[in-house]
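Here are the chains, one letter per residue:
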Amino acid sequence: MNEELRDLYQEVIIEHSKRPRNFHALAAPARSADGYNPLCGDTVKVYVEMDDDHKVADVSFEGSGCAISTASASVMTEIMKGKSADEAEALFNSFHELVTRGEASDDEIDALGKLAVFGGVSEFPTRVKCATLCWHTLRAAIAGEDAPITTE
Amino acid sequence: MTATATLAKPEPATTGFDPEALRADFPALHQEIHGHPLTFLDNAASSQRPNAVIDEIARFDRNDYANIHRGVHELSQRATKAYEGARDKIRQYINARDRKEIIFVRGTTEAINLVASSFVRPSLNLGDEIALTTMEHHSNIVPWQMACRERGAVVRVAPINDRGELELEELEKLLTPRTKLLTLVHVSNALGTINPVKEIVAMAHERGIPVLLDGAQAIPHMRVDMQDLDCDFYAFSSHKMFGPTGVGVLYGKKELLEAMAPYQGGGDMISVVTFEKTFYAGLPAKFEAGTPNITGGVGLGAAIDYLEQLDWDGAVAHENELLRYGTERLSEIPEVRLIGTANRKASVLSFVVDGVHPHDIGTILDREGVAVRAGHHCAQPVMQRFSVPATTRASLAFYNTKEDVDALIRALRKTIEVFK
């Protein structure tokens with residue numbers, strides 16, 4: 001396998017795609033939002049429960065997708081617990097930079113933590129949407145938006 | 001039989017079909033992708049073009065291009081001759097009775113929308129039905145849903161079996177006095193199934209029901225004969241038959257086309273315009289409003305010239321052998337499940353792999369130089385029928401070889417290894 005592919009399909013990503021964390025529904029009062037990639041038919045439903053301080057008390061997801069999209073949602077839900085809405089937004093921006101431009105500052109890499117394994121996605125422009133769909137959907141869930149999120 | 005007679009009528013030589021020689025005609029096939037020779041197996045999405053098409057388009061644009069019809073100058077006359085010449089080639093190629101039955105459109109999608117707008121919609125009433133099948137492309141579902149919603153009519157869907165074959169008895173039950181049109185795919189893009197369309201057309205005609213065939217995936221794999229099929233409409237796209245994009249054909253029986261209202265209004269589709277009344281042009285101009293894709297039409301004509309000289313018996317036998325070989329090789333991989341195993345199939349291999357999503361397969365195959373398509377192939381009801389979100393589809397053309405199939409299998413085994 002060539003180097004770019006190895007960067008894309010890192011062990012962590014394969015492992016999360018096979019055994020996704022937080023892969024279940026959350027009951028009310030958790031909010032949810034639906035994400036959909038019409039190009040490939042991937043779907044994701046992200047659940048989020050905010051506490052009184054407007055921090056993520058719990059977050060989970062369900063759906064079907066490729067290894068990149070499943071692993072991305074899995075790692076995202078791991079890292080998001082306890083984050084405020086603002087922190088979530090900042091992470092989203094750093095993550096987006098990482099997967100689209102392949103660049104992140106040292107501070108951003110620190111903040112991204114395990115999410116940094118998705119850096120290889122930037123070499124595969126057709127796969128960026130796979131990695132970011134769950135993030136767009138999480139934002140919608142936190143904001144309480146009803147309309148489904150699509151990548152197109 | 002005497003020895004003399006045998007000598008006088010020798011057995012025909014075995015077909016001289018040589019895919020390697022044909023590959024030389026397709027320049028795009030000869031390149032490296034990510035350090036591997038290109039293995040192009042995405043022909044059902046769009047096929048590559050031979051030099052004959054590429055060169056004719058360049059020649060036409062360099063020498064003969066101008067707007068067609070009504071121009072008195074030399075270039076306009078040359079362009080008109082080339083464009084209308086392409087119409088004649090198409091008529092002959094698909095054995096239509098009359099050149100007026102060949103309507104240039106943007107592609108299969110527009111052809112179907114034209115029939116929906118001009119043939120079906122005006123007479124579609126509350127409770128009427130449009131019959132189609134589970135294996136339709138979205139372009140042969142959505143226009144009918146739109147028309148039916150507007151007119152209070154209903155889309156009825158004929159089921160397919162686990163091999164991806166149409167259940168003919170169920171289809172027959174759908175054909176009732178309420179059925180305004182039967183519309184179905186000749187060859188399924190997602191499954192490869194070849195439908196017995198001649199038999200189906202006859203079945204519908206016995207009940208007085210007109211039939212539209214979506215031939216987009218059939219025409220690159222076989223010769224089609226309009227008079228033999230006896231369908232009322234047949235739609236296909238240039239870019240899937242080795243021609244350029246942006247042009248396609250609606251074939252329609254002349255008496256039906258003549259009775260239909262125009263599809264779009266504009267230039268070229270009129271005979272006399274005043275603010276009180278407009279008289280429409282005759283066929284085929286009535287359905288060709290506006291300046292068409294002139295170069296595209298000429299390019300399609302060149303593609304047809306190329307296909308006219310193809311050894312079709314040899315090509316069909318070669319593709320059948322590739323299909324047999326590909327099916328056999330894929331079946332050797334325990335993780336692979338073929339979606340679409342009809343008895344009569346075009347060279348399309350749609351499959352799912354245990355534990356690996358088609359999108360990931362597509363990415364890894366690409367890095368091995370193998371171009372396939374991963375997704376729902378604009379046929380989501382087919383995916384739902386087989387309870388899969390998507391498939392990986394390797395779709396072959398006559399210029400593919402067993403080496404291409406081998407490259408697919410090698411890359412696929414690597415992919416499965418990554419996810420072990």
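### Re the overall build of chain B
Argument step 1. For chain B, the count of helices and strands is 15 helices and 17 strands.
Argument step 2. Taken over C-alpha atoms, the radius of gyration comes to 23 Å for chain B, in line with the 22 Å a tight globule of 420 residues would show.
Argument step 3. Each principal axis of the C-alpha atoms in chain B carries an extent, and together these give about 75 × 60 × 55 Å.
Argument step 4. Counting over 420 residues, chain B shows a buried share of 49%.
Argument step 5. Taking as baseline every contact in chain B between residues at least 6 positions apart, the subset at least 24 positions apart corresponds to 71%.

### Focus: the domain arrangement of chain B
Residues and elements named next belong to chain B.
Argument step 1. Domain boundaries in chain B define domain 1 (16-45 + 311-418) and domain 2 (53-308).
Argument step 2. Taken together, the contact pairs 23 residues of domain 1 with 21 residues of domain 2.
Argument step 3. Of all the secondary structure elements, the ones that give two or more residues to the side of domain 1 that touches domain 2 are α12 (312-331), β14 (348-353) and α14 (380-385).
Argument step 4. Among the residues making up the side of domain 1 that touches domain 2, the classes are represented as 12 nonpolar, six polar and five charged.

### Observations concerning the interface of chain B and chain A
Argument step 1. Each partner contributes residues to the interface: chain B has 16 residues there, and chain A has 15 residues.
Argument step 2. Those elements that provide at least two residues to the side of chain B that touches chain A are α13 (358-367), β16 (373-375), α14 and α15 (402-418) of chain B.

### Digging into helix α2 (residues 11-18) of chain A
Residue and element names in this part refer to chain A.
Argument step 1. The set of residues buried in α2 consists of Ile13, His16 and Ser17. Along the axis of α2, the buried residues cluster in a sector spanning 100 degrees; they form a single face. More than 90 degrees from the buried face of α2, the exposed residues found are Glu11 and Glu15.
Argument step 2. Looking at the packing, one finds that the buried side of α2 touches α3 (67-80).

### Brief notes about the pairing of strand β8 (residues 211-214) of chain B
Residues and elements named next belong to chain B.
Argument step 1. With burial as the criterion, each face of β8 is covered, one bearing Val211 and Leu213 and the other bearing Leu212 and Asp214.
Argument step 2. Where β8 and strand β9 (residues 233-237) come together, three bridges link them in parallel fashion. Residue pairing in the sheet places Asp214 in a bridge with Ala235 of β9.

### Focus: the environment of Thr100 of chain A
All names here are of chain A.
Argument step 1. Relative to the helices and strands, Thr100 is located in helix α4 (residues 85-101).
Argument step 2. You can call Thr100 partly exposed: it has 14 C-beta atoms within 10 Å.
Argument step 3. For the pair Thr100 and Gly119, spaced 19 residues apart in sequence, the C-alpha separation works out to 8.6 Å.
Argument step 4. Here Thr100 is in contact with Ser122 and Val128, once residues within four sequence places are set aside.

### Here we look at unusual backbone geometry
Argument step 1. With an omega dihedral of 15 degrees, the bond running from Ala28 of chain A to Pro29 of chain A counts as a cis peptide bond.
Argument step 2. Considering the arrangement of structural elements, one finds Pro29 of chain A in the loop between α2 and β1 (31-37).
Argument step 3. Between Leu283 of chain B and the following residue, Pro284 of chain B, the backbone shows a cis peptide bond with an omega angle of -5 degrees.
Argument step 4. Inspection of the secondary structure assignment puts Pro284 of chain B in the loop between β12 (278-280) and α11 (294-308).
Argument step 5. Unusually for a residue other than glycine, Asp230 of chain B sits at a positive phi of about 65 degrees.
Argument step 6. A positive phi is found at Ser387 of chain B, a non-glycine position, where the angle reads about 55 degrees.

### Re the packing of α3 of chain A against helix α6 (residues 128-143) of chain A
Helix-helix packing: each pair is described by the crossing angle between the helix axes and the interaxial distance.
All names here are of chain A.
Argument step 1. With their axes 7 Å apart at the nearest point, α3 and α6 run at an angle of 40 degrees to one another. Classified by the interaxial angle, the pair formed by α3 and α6 is oblique. The two elements α3 and α6 meet at a crossing, and its hand is right-handed. Here α3 contributes Ile68, Ser69, Ser72, Ala73 and Met76 to the contact with α6, which in turn contributes Cys130, Ala131, Leu133, Cys134, Trp135 and Leu138.
Argument step 2. Broken down by class, the residue content of the contact of α3 with α6 amounts to nine nonpolar, two polar and no charged.

Thresholds, definitions, all that
Residues numbered from 1 in each chain as written. Chains lettered and ligands numbered in written order. Predicted model: local features only at pLDDT ≥ 70, side-chain atom pairs only at ≥ 80, totals over all residues. Helix = DSSP H or I, 4+ residues; strand = E, 2+ residues; numbered from the N terminus. Rg over C-alpha atoms; globule rule 2.2 N^0.38 Å. Buried ≥ 20, exposed ≤ 12 C-beta atoms within 10 Å, placed from the backbone. Contact = placed C-beta atoms within 7 Å. Domains from an automatic or database assignment. Nonpolar A, V, L, I, M, F, W, Y, C, P; charged D, E, K, R; others polar. Arc of directions from axis to C-beta. Pairing = 2+ DSSP bridges. Axes fitted to C-alpha atoms, helices over the stretch in contact; angles between N-to-C directions. Parallel < 35°, antiparallel > 145°, perpendicular 65-115°, else oblique. Left-handed = near helix turned anticlockwise from the far one by under 90°.

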